[in-house]
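Descriptive structure summary
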Amino acid sequence: MHVALLVLFVYLGSLLGAHLPYKNPGDITGAHPFPWDQMRLPKTVFPVHYEITIHPNLTTLDFTGVVRIQLDVRNDTNTIVLHAMQLKTFNVKLWTPESVTALRVLENPYYQQIALLSDEVLTKGKYYEVQLEFSAKLSDSYHGFYKSSYRKSSGEVRILASTQFQATFARTVFPCFDEPAFKANFTISIIREPRHIAISNMPKTKTVQLPGNMLEDLFGTTVKMSTYLVAFIVSDFESVSRNTQHGVKISVYTVPEKINQTGFALDVAAKLLDFFSSYFNIAYPLPKQDLAAIPDFQAGAMENWGLTTYGEAALLYDPDQSSVSDKLQIAKIIAHELAHQWFGNLVTMEWWNDLWLNEGFAKFMELISLDVNYPELQANNLFLGNCYNVMEIDSLRLSHPISTSVETLTEIQEMFDELSYDKGACILNMIKDFLTPEAFEVGIIRYLKRYSYQNTVSSHLWEILIDICNVDDLEETSPKQKEFCAQRDPEFYTDKFNVKTIMDTWTLQQGFPLVSVTVRSRKVKLTQERYLKIADTTSSKELIWLIPLTYKTSASNITHHHLMKSKADMLRLPDEVEWLKFNVDMSGYYIVHYTNDGWRSIIKLLQNNHMALSGKDRASLIHDVFLLASIGKVGLETALDLSTYLSKETDIVAVSQGLGQLLHIYKLIEKRKIGHLEKSMKIYIVELFKALINQQKWDDSGTVTQRMLRSNLLLFACVRNFTPCVTKASQLFNMWKASDGNMSLPVDVTMAVYAVGAQTSEGWDFLFEKYRRSVQMSVKSRIKTALTLTPLHHKLQWIMEQSLLGEVIKTEELPDVMISVSRNPQGDKLAWDFIQANWQTLIQKFGLDSSAIMQMVTGVTCHYSTMEMLDSVQKFFDSLTKTTGSRMSCIQQAYDTITDNIRWTKRNLPTLQSWLSKRNRRVHEDL
C-alpha cells in the first residue's frame, strides 16, 4: 500500500475512534519491565534512513503519519529502544527481506522512550526496517509540530503549521532516535490541501494527486543529519528566490502581505552562503537554502538544514521604515544560521554538553562574516557587548562550564543560554587572537573537513589546533593550510604550550579570571583569581586558568603577548612606563585590576588624552573598574572618577558601556525609591552625556554606529526628561499624529518620538492602533517598546495581558514586553505580580525550561535590591513543585543577583551620595 494512502486511512480511523493495540501502555510496562533504564539510548541499534509521510490537518489541528526506519544493528538484540513523546503509535512492524512481523510496544514516559520487542533476535549486520504509524495533536506551544497563525489586513485569520525540533522535540512528531549522534538520511512526504504549500529540508521532487482532493509532496532525500534538524512547514506562504554564485537556490518565504520585506534577507543569504562555502573551502552540500519567517516563533531562528526558520522580526526588513539596528540584527541572525550549516549541521556535537561547539562557533562566525561582507554595519563594535553581558552571568556562583555534564532533559534545555552562545564565541575570539587569525582559520577548516557528517567533542577541535600543519591525510589539506604551513614560523608551535591544555581551563571550568597587575619599576607582578560577585563558601577549589595575556604600554603601541600559566607570574619591561593596558581591545575573556596607583594613572590618561587608547580599550577599562568596585577591589569613587572622562567620549562602544554601568546603578536606586539620590544620579548621567546628546541631529545621517548611537542617546534623554529632547520629540509626535501617522519620520528618532507620545493615554491609544495596523515588523517592534515606557499603570497591565492572549501582540513577544515593563519604575511590581499570577500558563505555553522562562525570571528581578523583594521572590519559587519549575537554575541565578544587589547598595550607597554631593559642589563652584 502506498504510504500516503495509509496515512489517510490512519487519519480516518482516528476520527472513527480507532484504538491502539494496547489501551494502556503503562499496564504493559508494568507486566513487562521496560528493558532500558537510562536517558540516553543504547548503542545497539542505529538508524540509517527514515522514510516519513505526514499529514497535518489545519482544520482539526492534528496530524497522522507513518515512519519507516532502516536500521543498522550493531549488536544482537531483540529490543529496539527509540524516542516517542505524546504520540499514539500503532501497527508497529518489523520488515526483513524474508518476512513482516508485528512488534510489541512498551513505553517509558519518564525518558520519553518506547521499546519495540521482537520474538526473534535481530542479528548484527542483517537488514531490518521498522514501520510505525502515529498520530497526535498539533502543539499549541512553540516546539514540535505546532500551530501558528496570522491575521490579514482584512481581519481574516490564517492557520499554518511549522516545526521546531531542537533540542528534543522531533520525538513529539514521529518516533525516532532523537539524539544528535544518531545521524541518518531522511526522505519526507507531506500530504496537504491544494490551498497550501509544503516545504522541507530538500527540494520537492514531485506532487502526487490523492483521493479526496488531497496532494502529496515528495521531497528529495537529505544528507546524513541529526533529527533536530528535520523541518517542514505547511502554509499559504509566498516566496522570492535567486541563485548564489555557486548555483544554490535561495528562497525567502513569508506571509503574502509581507513579501515586499524579503529583499534584504535574500541578498544577505545569497552573499553569505557563497562566503561560507569559500571561507571553509567546503561547498554547501544541498541544492537549496530556504529562509522562512514564521508568525509565531519563540526561538529567534533555527538552523534546520536547507530550511532555516526565523521569527518575522529576525528576517523581514523594510528599507524605508526599518532602522540600522534592525538591519544589523537581521544580518547577524542570518549569518548565525548559515554558519550553522557547517558548524552544527555538517559537524555536530556528539551530545548536548558540547552545545557550545555549535552555538559558540555560529556566534563567532557572525563577526567574521559580517566584517568581510558588510563592513559598513560595523558589527565588530558590538561583539564586546556580548562578552560583557555574559560575564554578568559567569560571575555568579551558579554559572556552569560551557562544556558540562548533561544528564536530564531539563539540563539539556538549560544549556541554551548565554554561556553556550556568547562565552563560547568570546573564548574562540581569544584563541584566534592567540594563535593568529591565519592559523585559527586554517585549523577550523581542517576540523570541518576531518569531521564532516560526523559528531565531535571539544577535544577534537583542540587536537586539530595543537598542530594544524601535522596532516597525515593529504586529502584533508586545503589550499589555505598549504599556504600557511609553507610560510609559518617553525618555532610557532613548541612544547611550551598545548592548545587543549589551555582551552580545557576555559571550557571545563566555570567563571573567568581576574588578573591583578602590580608595577614596580620595570617589574610587573601578575596574580589571578576567579572573579565572583558573591563568594562561594561551599567550594574550596582554587581555579587556575592558562591565560593568553595581551598588553600595551605608554612606551609602545605594539601589542605584546604572554601566556600566564600559574596563580602568580612576573614580567620584565625593557623600560619604565607611565601606564600599562592589559587585555588589548578586550580580546581575552578576563578582567584586569591595576593595583597601587595603577588606576590613578589610567584615570589621568583618560582625562588628559583618552584617544591614546582605542574605543574598545576604553570600554574595557570602564567595564573592569565597575566590576571591581562591585566586589570592593576598588572603591566606587574610583569607578566614578574614571567615568567623568565620558563627557569627552564619542565612541559607541565606550559610550554604551559607560551609560550601561551608570544606568545599572541608577536602576538600583530607582527601585529603592530613594528620591534625592535618584535625582542626583540622573542629573550626573545627563550632564555627563549632555554635550553628546545636543550634538545629535534629528535625521538619519551618518555611519551605522553613529546612527545607532543617536537612536540610543535620544531615547535615553527623552525617557530621563531632558527638556530639549522631550520638546523636540513632542513636536514631532504631534505632527505625526496630526497626519494620522502618514508623515515620514526619520527612522533613527522614532523610538524617542514614540516614547514621548506614549506618556499620555491619548498618545498611547494612537500608537497601539498604529501597532495593530502595521505590517512592518521593525515599526511594530519600536512601537511595542514605546508602549511599555508609559507611566500609566493600567496600560502596562493591559499590554502584558494582551501579549499573553496573543491575538494582536504575539505571545512570543511577552518576555520582551514583561522585562521592559519591569524596567519602568511604574511597572516593576506589575511585572512581578504578572509572573506569579500567570505562572502555570507561562510554563505551559513556553515550556518549563525554555529560554523564554529563564529570561522572564532573571530579567524581571535583576534590579531588585531589598530584602522584601528577595523574600517575595523566594516565597513564590519555594511554593513551586519540581513539575512546575522549582529546580530551574535561573531561580538561583535570580536569588544571587538580588543578593548581590542588596550587598552592593549596603556597601556603596553612602559612598555614592558623598561622591555626587562633592561633584555637584565642584560643578557649582566652576560655574
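Source: prediction; values computed, not measured. (Residues numbered from 1 in each chain as written. Predicted model: local features only at pLDDT ≥ 70, side-chain atom pairs only at ≥ 80, totals over all residues. Heavy atoms only, no water.)

The next subject is the overall build of the protein chain. Scanning the protein chain from terminus to terminus reveals 29 helices and 29 strands. Relative to a compact globule of 927 residues, whose C-alpha radius of gyration would be 30 Å, the protein chain shows 29 Å and is just as compact. Here the protein chain holds 927 residues, and 61% of them are scored as buried. For the protein chain, restricting intrachain contacts to residue pairs at least 6 apart in sequence, the fraction spanning at least 24 positions comes to 73%. Between the averaged position of the 93 positive side-chain charges in the protein chain and that of its 100 negative side-chain charges there is a distance of 4 Å. (Helix = DSSP H or I, 4+ residues; strand = E, 2+ residues; numbered from the N terminus. Rg over C-alpha atoms; globule rule 2.2 N^0.38 Å. Buried < 20%, exposed > 50% of the residue type's maximum accessible area, 1.4 Å probe, protein only. Contact = heavy atoms within 4.5 Å. Lys, Arg positive; Asp, Glu negative; His and termini not counted. Charge placed at Lys NZ, Arg CZ, Asp CG, Glu CD.)

Bridge count for strand E4 (residues 88–95) against strand E8 (residues 128–137) is 6 bridges, and the pairing is antiparallel. Across the sheet, residue Leu94 finds its bridge partner in E8, namely Val130. Bridge count for E4 against strand E5 (residues 100–102) is 3 bridges, and the pairing is antiparallel. Directly across from Trp95, in E5, lies its bridge partner Val100. What sits between the antiparallel neighbours E4 and E5 is a turn of 4 residues. (Pairing = 2+ DSSP bridges.)

The step from Gln166 to Ala167 runs through a cis peptide bond, and the omega angle for that step is 5°. Within the element layout of this structure, Ala167 appears in the loop between strand E10 (157–164) and strand E11 (185–192). Non-glycine residue Asn721 carries a positive phi angle of around 60°. Structurally, Asn721 is set in the loop between helix H18 (704–719) and helix H19 (723–738).

Burial of strand E18 (residues 288–294) is extensive: 7 of the 7 residues sit out of reach of the surface. On E18, burial covers both faces: Lys288, Asp290, Ala292 and Ile294 on one face and Gln289, Leu291 and Ala293 on the other are all buried. In terms of strand pairing, strand E17 (residues 249–254) meets E18 through 5 bridges, oriented parallel. From the neighbouring strand, Lys249 faces E18, where its bridge partner is Lys288.

Once that is clear, we can look at the state of the cysteines. Evaluation of the coordinates by the stated rule reveals 2 disulfides. Here Cys890 is not cross-linked by a disulfide; its sulfur's nearest cysteine counterpart is in Cys862, at 13 Å. For Cys890, a relative accessible area of 1% gives the class buried. (Disulfide = S-S within 2.5 Å.)

Spatially, the 3 strands line up as an open sheet ordered E26-E25-E28, and their pairing is antiparallel. A strand with exactly one partner marks an edge of an open sheet, and here the two such strands are strand E26 (556–564) and strand E28 (580–582). The average undirected angle you get between the axes of adjacent strands in this sheet is 25°. Pairing between strand E25 (residues 547–553) and E28: 3 bridges, direction antiparallel. Pairing of Tyr551 across the sheet is with Phe582, part of E28. (Axes fitted to C-alpha atoms, helices over the stretch in contact; angles between N-to-C directions.)

We now examine helix H9 (residues 437–450). For H9, with 14 residues, the first-to-last C-alpha span of 20 Å sits near the 20 Å given by 1.5 Å per residue. Burial analysis of H9 places 10 of its 14 residues in the buried class, which makes it a mostly covered element. All buried positions along H9 are accounted for by Ala439, Phe440, Glu441, Val442, Gly443, Ile444, Ile445, Arg446, Tyr447 and Leu448. (Expected span 1.5 Å × (residues − 1).)

The next subject is the pattern of salt bridges. Once the charged atoms of two side chains with opposite charge are near each other, the side chains can pair. One pass over the structure, following the stated rule, counts 42 salt bridges. One salt bridge connects Glu542 with Lys567, and the closest N-O pair in it is separated by 3.3 Å. Within this pair, whereas Glu542 is found in the loop between strand E24 (523–530) and E25, its partner Lys567 is found in the loop between E26 and strand E27 (568–572), the two being separated by 25 residues in sequence. Arg618 is the salt-bridge partner of Glu649, the closest N and O atoms lying 2.7 Å from each other. Of this pair, Glu649 sits in the loop between helix H15 (636–643) and helix H16 (652–671) while Arg618 is found in helix H14 (residues 615–630), placing the two residues 31 residues apart along the sequence. (Salt bridge = Lys/Arg side-chain N within 4 Å of Asp/Glu carboxyl O.)

Further remarks concern the side chain of Gln776. Position of Gln776 relative to the elements: it lies in the loop between helix H21 (761–773) and helix H22 (777–787). Judged by relative accessible area, Gln776 falls into the buried class, the value being 13%. If we skip the residues at most four places from it in the chain, Gln776 touches Gln261, Asp318 and Gln321.

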